[in-house]
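Residue-level structure breakdown
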Amino acid sequence: MCLAVPGRVLDIEDRDGTRMATVDFGGVVKEVCLEYLPDLRVGEYAIVHVGFALQRLDEESARQTLELFAELGMLQEEFGDAWEMAAAEAGVDPVEEVRK
Amino acid sequence: MKYIDEFQDPELARRLLDDIHATVTRPWALMEVCGGQTHSIIRHGIDQLLPKEVELIHGPGCPVCVTPLEVIDKALEIASRPEVIFCSFGDMLRVPGTGRDLFQVRGEGGDVRVVYSPLDALRIAQQNPDREVVFFGIGFETTAPPNAMTVHQARKLGIPNFSMLVSHVRVPPAIEAIMSSPSCRVQGFLAAGHVCSVMGVEEYPELAERFRVPIVVTGFEPLDILEGVRRAVRQLERGEHTVDNAYARAVRPEGNPAARAMLEDVFEATDRAWRGIGVIPDSGWRLSSKYRDHDAEHRFPVGGIRTAEPAECRSGEVLQGLLKPHECEAFGTLCTPRTPLGATMVSSEGACAAYYLYRRLDMPTTTAREASPVV
Ligand code: SF4
């Protein structure tokens, strides 16, 4: 949870007075708030943490970091189904658990 | 060098390692502050590639691990209330409180929801005006700005049914507490890169000077970590102790000023207990009085909850670098990710989980050390 993941800005819009973007994290797309990096542009990369862009990053570094996090299983932890993972860890049938 | 071919750039890794080997003349102990760095180190066997003189000690930088049992119990209490929708990041679900965790609370009928961002919790509050929506706000300086912005928005948009259970912690007071402990062996720090992306490096020179300890801001990739170690060891061999930024591509000296301004507005410093470690003065943030209406501790009667830590879990020593996870008696037997005794086994960034995951049971045991508490 503490790890911030680099992502690429796909588009930007103003929503209820808040600057928001859709951001691609190596295939997973999420809504991200740009209030802390208001001059970030479409196509640029930023370090994103829990839905907020926190610092700009160059493309090369962003790609390398994304690869590393994918390899460490950290993207799965960040974006995967938390209930399913918790159920698996607890030894509960994940399918049963997800149906709840 | 069994792992080196897995590095992004094995040639550069080899050059960095050669340089470290050539520089080191005596033993040094470095602490990597961040749990993400710990995972990268264990996964890539970096600790085994380094000269035997360089020891990496795992630091307290995992927010899930350091959240005190008492706060987990408060969360469980609030989440059990029928009027509440309790929102949390996924990695808090299985952190053991007294007798149960959030995952079980949901099994018992509590409305616990996992969100990706605190703003998602705010949206849930807007959509459910007849329910109380509480967000579990934990984490270091990286997570605090998103949570601060969310409380700020709740106030600005006038969303009365949104509150936050806040238990934020800050890195510099932890470094201070670790260095002040009589049993401290740390001689240099690899500071957590993403914390510095927000806060910059301005808090560190005073610490580096006072404790005569090099602090190198370091990223998460194996090459970043090798470079951080190389710079720290260079300083130590030369008798220097300065703050050095080895992660400049993501860390500016001033950090993110907009985020820092929001932190100033929404939070105020407070003493915080760290799980397994104890209270560290000024080491945390709570909501400032201006935002009291959105403070879950004011809204729900949880102020009386006081919980002692279980004795068998030694995560406090693990978090202070006094004990390696596999040296804990419960490691891999009584304590596994399925039956965790401590948060360091649950969290994806916890040191015990890193050792368990990458099966480092065969490692030599360091000589037992007398542990004395940090504070
Ligand atoms: S192995 Fe388990 S019991 Fe031992 S310190 Fe780690 S979390 Fe605590």
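In this text, all values refer to a predicted model and were calculated from it rather than measured experimentally. (Residues numbered from 1 in each chain as written. Chains lettered and ligands numbered in written order. Predicted model: local features only at pLDDT ≥ 70, side-chain atom pairs only at ≥ 80, totals over all residues. Heavy atoms only, no water.)

Quick notes on the overall build of chain A
Defined as follows: Numbering goes from the N terminus for both helices and strands, where a helix is a DSSP run of H or I of at least four residues and a strand is a run of E of at least two. Relative accessibility thresholds used throughout: buried, under 20% of the residue-type maximum; exposed, over 50%; partly exposed, between the two (1.4 Å probe, protein chains only). We call two residues contacting when some pair of their heavy atoms lies within 4.5 Å. Methods summary: accessible areas were calculated by the Shrake-Rupley approach with a probe of 1.4 Å, and residue burial reflects only the protein chains presented.
Within chain A, the regular secondary structure consists of four helices and five strands. When the helices and strands of chain A are listed from N to C terminus, the series reads β-β-β-β-β-α-α-α-α. Taken over 100 residues, chain A has a buried fraction of 48%. A sequence separation of at least 24 residues applies to 34% of the contacts in chain A between residues at least 6 apart. Roughly 4400 Å² of accessible area belongs to chain A as shown, and the carbon and sulfur atoms make up 47% of that amount.

Quick notes on the interface of chain A and chain B
Our working definition: Accessible-area loss on putting two parts together, using a 1.4 Å probe and summing over both, is the definition of buried area adopted here. Salt bridges, as used here, are contacts in which a Lys or Arg side-chain nitrogen is within 4 Å of a carboxyl oxygen on Asp or Glu. Nitrogen and oxygen atoms within 3.5 Å of one another constitute a polar contact, given that in protein one can donate a hydrogen and the other can accept it, and given that sequence-neighbouring residues count only through two side-chain atoms.
With 47 residues of chain A at the contact, the number on the chain B side is 53 residues. For the pair chain A and chain B, the summed buried surface comes to about 4300 Å²; carbon and sulfur atoms form 62% of the total. Counting across the chain A and chain B interface gives zero salt bridges. Our count for the contact surface shared by chain A and chain B stands at eleven residue pairs in polar contact (both at pLDDT 80 or more). Elements represented by at least two residues in the side of chain A that touches chain B include exactly β2 (18–25), β3 (28–33), β4 (45–49), β5 (52–57), α1 (59–71), α2 (74–79) and α3 (82–90) of chain A.

Quick look at the site of the ligand
Put simply, the test is: The cutoff for a nearby residue is simple: one of its non-hydrogen atoms must lie within 4 Å of the molecule or strand. Side-chain classes are defined by residue name, with Ala, Val, Leu, Ile, Met, Phe, Trp, Tyr, Cys and Pro counting as nonpolar, Asp, Glu, Lys and Arg as charged, and the others, Gly among them, as polar.
Near the ligand, the surroundings consist of Cys313, Arg314, Ser315, Cys328, Ala330, Phe331, Cys335, Leu341, Gly342, Thr344, Met345 and Cys352 of chain B. Tallied by class, residues from the shell around the ligand come to eight nonpolar, three polar and one charged.

A few points about the pairing of strand β10 (residues 267–274) of chain B
Every other side chain in a regular strand lies on the same face of the sheet, so the side chains alternate between the two faces. Residues and elements named next belong to chain B. Let me state the cut-off plainly: Only strands joined by at least two bridges in the DSSP assignment are considered to pair.
Where β10 meets strand β11 (residues 278–287), seven bridges bridge the pair, whose relative direction is antiparallel. Each bridged residue has a counterpart across the sheet, and for arginine 272 the counterpart in β11 is isoleucine 280. Counted between consecutive antiparallel strands, the loop separating β10 from β11 contains three residues, among which glycine 276 sits at a positive phi close to 80°.

A look at the sheet that holds strand β8 (residues 215–218) of chain B
All names here are of chain B. This is how it is decided: Where helices are involved, their axes are fitted lines through C-alpha atoms of the stretch in contact, as for all axes, and angles between N-to-C directions lie from 0 to 180°.
If you trace the five strands from one edge of the open sheet to the other, you get β2-β1-β7-β8-β9, paired in parallel fashion. Unpaired on one side and paired on the other, β2 (54–61) and β9 (243–245) mark the two borders of the sheet. Here the average twist between neighbouring strands, direction ignored, is 25°. Here β8 runs beside β9; their pairing, made up of three bridges, is parallel. Bridging across to β9, isoleucine 215 finds its partner in valine 243.

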